[in-house]
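Residues per chain are reported as follows:
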Protein chains: 2
Amino acid sequence: QLAEHAAALFQTRCLDGIKLTITAGPTREAIDPVRYISNHSSGKMGYALAEAAADAGAQVTLISGPCNLSAPERVNCVNVVSAEDMLTASLNHLGEIFIACAAVADYRPVAAADQKIKKSQASMSIELVRNPDIVSTVASHAQRPFTVGFAAETQDVLHYAKDKLQRKNLDMIIANDVSNSEIGFNADQNAVTAIWPKGETSLPQASKTQLARQLIALIAEQYINKGASD
Amino acid sequence: QLAEHAAALFQTRCLDGIKLTITAGPTREAIDPVRYISNHSSGKMGYALAEAAADAGAQVTLISGPCNLSAPERVNCVNVVSAEDMLTASLNHLGEIFIACAAVADYRPVAAADQKIKKSQASMSIELVRNPDIVSTVASHAQRPFTVGFAAETQDVLHYAKDKLQRKNLDMIIANDVSNSEIGFNADQNAVTAIWPKGETSLPQASKTQLARQLIALIAEQYINKGASD
């Protein structure tokens, strides 16, 4: 019945005119002009959410790290590379609903070298510092939007996700287990559990396009409920 | 006249039946199941070389790191992720001509973590060890093919390239300056200097497809010359 419910929400364009921002893809943190640290996010889930949100009538801004995907139609796409760039773009586009789907690099090299580092030594180490936490920064902002985070984990997925929901003061968190290569980062399918302070629902394995519509319907419902109870 | 010369070499299928191996793209070195170190190589130059070599009649094996490109027709494509995987595949496909175009990661994390590393600290460091040097290993192999390397540098490009030609005992090196974003890693155009022990020639900025044909013609010529003088 979730699918039927989602269809009804899309028919009524449940997010008509709502400003909604989605971050997607990985970030890249420069080691030098040639090398970087990144992660296996393909951006597919975030792009699918952007398309579903636009279908539901939202004015969508998609803040995207480097991916090989075309921006969906009717979506304002802002391309960024690093976590710091993504934070700046996010603060410029907080919107009314903010979905932090990007796999932001947690750490970056202390300083990117100006020139390509020569491989002179048998071993070396890269000193890293924490990147800004984009979803926490957004969730604690004075103009705080309805804030949705993602938790991509390889173990104790629901435990970490619930902790993150509370610790970062989010309105919803979408948990997925990236240790299963059939779903998650580079796959076309995903299976997630959406958790919010008063409930949760598991969405079984489906295409990222189908899941995105179900998630946008859930987010719209919680967003509207929250507005009603505020 | 290089272009005319190249056209003639392609018409005569100057590499007919020759086994030619090309490595292309970046490699990815796992930090944990989610994160990796990589570089900005798009794979375009290597894929263009593979296509040009097939056009010249060679039996081409393309050993490719993760890129978003389709393998050219008539090319045997072997997909790899890490430098160690690329070395194994290279030793399994030495061929008669070996063109090391991939931007192999020089270093990899000492050990990839089994689980996603939690971001508990304000700073951290990643200990790295040198990866195997694929082109050197190939050039010093008992069944040494005619070996061509690439030198992608951001400063003193020709100096480093000539040093690398000699130090790694290569038959030819293709030098390009990746500090100019119009050419090199992610661009569709490139400009290179091909250097061999007894000469060099600069190929001005052109599409990677055009440059690939000129380079394959130069490589074929040096390969045939070397066979004649051995």
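Treat the numbers as computed from the prediction; the structure is a model and nothing was measured.

**Let's talk about the sheet that holds strand S7 (residues 107-109) of chain B**
Phase 1 of the analysis: Ordered in space as S7(A)-S8(A)-S8(B)-S7(B), the four strands form an open sheet in which the pairing is antiparallel. Bordering the open sheet on either side are strand S7 (107-109) of chain A together with S7 of chain B, each of which pairs with just one other strand. Along the sheet, successive strands turn relative to each other by an average axial angle of 40°, direction set aside.
Phase 2 of the analysis: Pairing geometry for S7(B) and strand S8 (residues 123-130) of chain B, over three bridges, is antiparallel. Looking at the pairing, B:Pro109 lines up with B:Leu128 of S8(B).

**With respect to the interface of chain A and chain B**
Phase 1 of the analysis: Opposite the 36 residues of chain A that make contact, chain B presents 36 residues.
Phase 2 of the analysis: Regarding the contact of chain A and chain B, the summed buried area is about 3,600 Å², with carbon and sulfur atoms giving 49% of it.
Phase 3 of the analysis: In terms of surface lost to chain B, no three residues of chain A exceed A:Tyr36, A:Tyr107 and A:Lys119, which account for 17% of the buried area on that side.
Phase 4 of the analysis: The tally of links between chain A and chain B comes to two salt bridges.
Phase 5 of the analysis: We note a salt bridge from A:Asp106 to B:Arg35, for which the minimum N-O separation is 2.2 Å.
Phase 6 of the analysis: In this structure, the connection of chain A to chain B is made through 17 residue pairs in polar contact (both at pLDDT 80 or more).
Phase 7 of the analysis: Listing elements by their share of the side of chain A that touches chain B, those giving two or more residues are strand S3 (35-39), strand S8 (123-130) and strand S9 (146-153) of chain A.
Phase 8 of the analysis: No other element matches S8(A), which puts eight residues into the side of chain A that touches chain B.
Phase 9 of the analysis: Partitioning the side of chain A that touches chain B into residue classes produces 15 nonpolar, 11 polar and 10 charged.

**Some points on the pairing of S9(A)**
All names here are of chain A.
Phase 1 of the analysis: With eight of its eight residues buried, S9 lies for the most part within the structure.
Phase 2 of the analysis: Side chains Phe-146, Val-148, Phe-150 and Ala-152 of S9 all project onto a buried face; the interleaved residues Thr-147, Gly-149, Ala-151 and Glu-153 project onto the opposite face, where all are buried too.
Phase 3 of the analysis: When strand S6 (residues 97-100) meets S9, the two strands line up parallel, connected through four bridges. Each residue of the ladder has a partner; that of Ile-99, found in S9, is Val-148.
Phase 4 of the analysis: Note that S9 and strand S10 (residues 172-177) share six bridges and pair parallel. The residue of S10 that forms the bridge with Ala-152 is Asn-176.

**Some remarks on unusual backbone geometry**
All names here are of chain A.
Phase 1 of the analysis: Positive phi, close to 65°, is recorded for Arg-74, a residue that is not glycine.
Phase 2 of the analysis: Assignment of secondary structure puts Arg-74 in the loop between strand S4 (59-64) and strand S5 (75-79).
Phase 3 of the analysis: Looking at Arg-74, the relative accessible area reads 54%, which means it is exposed.
Phase 4 of the analysis: A positive phi is found at Asp-156, a non-glycine position, where the angle reads about 45°.
Phase 5 of the analysis: Counting through the fold element by element, Asp-156 comes out in the loop between S9 and helix H5 (157-167).

**Looking at the relation of the copies chain A and chain B**
Phase 1 of the analysis: The two copies are related by a screw operation: chain A maps onto chain B through 180° of rotation and 0.0 Å of translation along the axis, at an RMSD of 0.0 Å. Here the two chains are linked by the operation of a two-fold rotation axis. For chain A, the smallest separation between a C-alpha atom and the rotation axis is recorded for A:Ile37, amounting to 2.2 Å.
Phase 2 of the analysis: Mapped onto chain B, 100% of the interface residues of chain A again fall at the interface, so both copies present the same surface.

**What about the confidence of the model for chain A?**
Phase 1 of the analysis: Model confidence for chain A is summarised by a mean pLDDT of 90, while 96% of its residues fall at 70 or above.
Phase 2 of the analysis: Listed scores for the predicted complex are pTM 0.83 and ipTM 0.80.

Rules used throughout
- Residues numbered from 1 in each chain as written.
- Chains lettered and ligands numbered in written order.
- Predicted model: local features only at pLDDT ≥ 70, side-chain atom pairs only at ≥ 80, totals over all residues.
- Heavy atoms only, no water.
- Pairing = 2+ DSSP bridges.
- Helix = DSSP H or I, 4+ residues; strand = E, 2+ residues; numbered from the N terminus.
- Axes fitted to C-alpha atoms, helices over the stretch in contact; angles between N-to-C directions.
- Contact = heavy atoms within 4.5 Å.
- Buried area = accessible area lost by both parts, 1.4 Å probe.
- Salt bridge = Lys/Arg side-chain N within 4 Å of Asp/Glu carboxyl O.
- Polar contact = N/O pair within 3.5 Å; in protein donor to acceptor, adjacent residues only side chain to side chain.
- Nonpolar A, V, L, I, M, F, W, Y, C, P; charged D, E, K, R; others polar.
- Buried < 20%, exposed > 50% of the residue type's maximum accessible area, 1.4 Å probe, protein only.
- Least-squares fit on C-alpha atoms with pLDDT ≥ 70 in both.
- pLDDT = per-residue confidence, 0-100.

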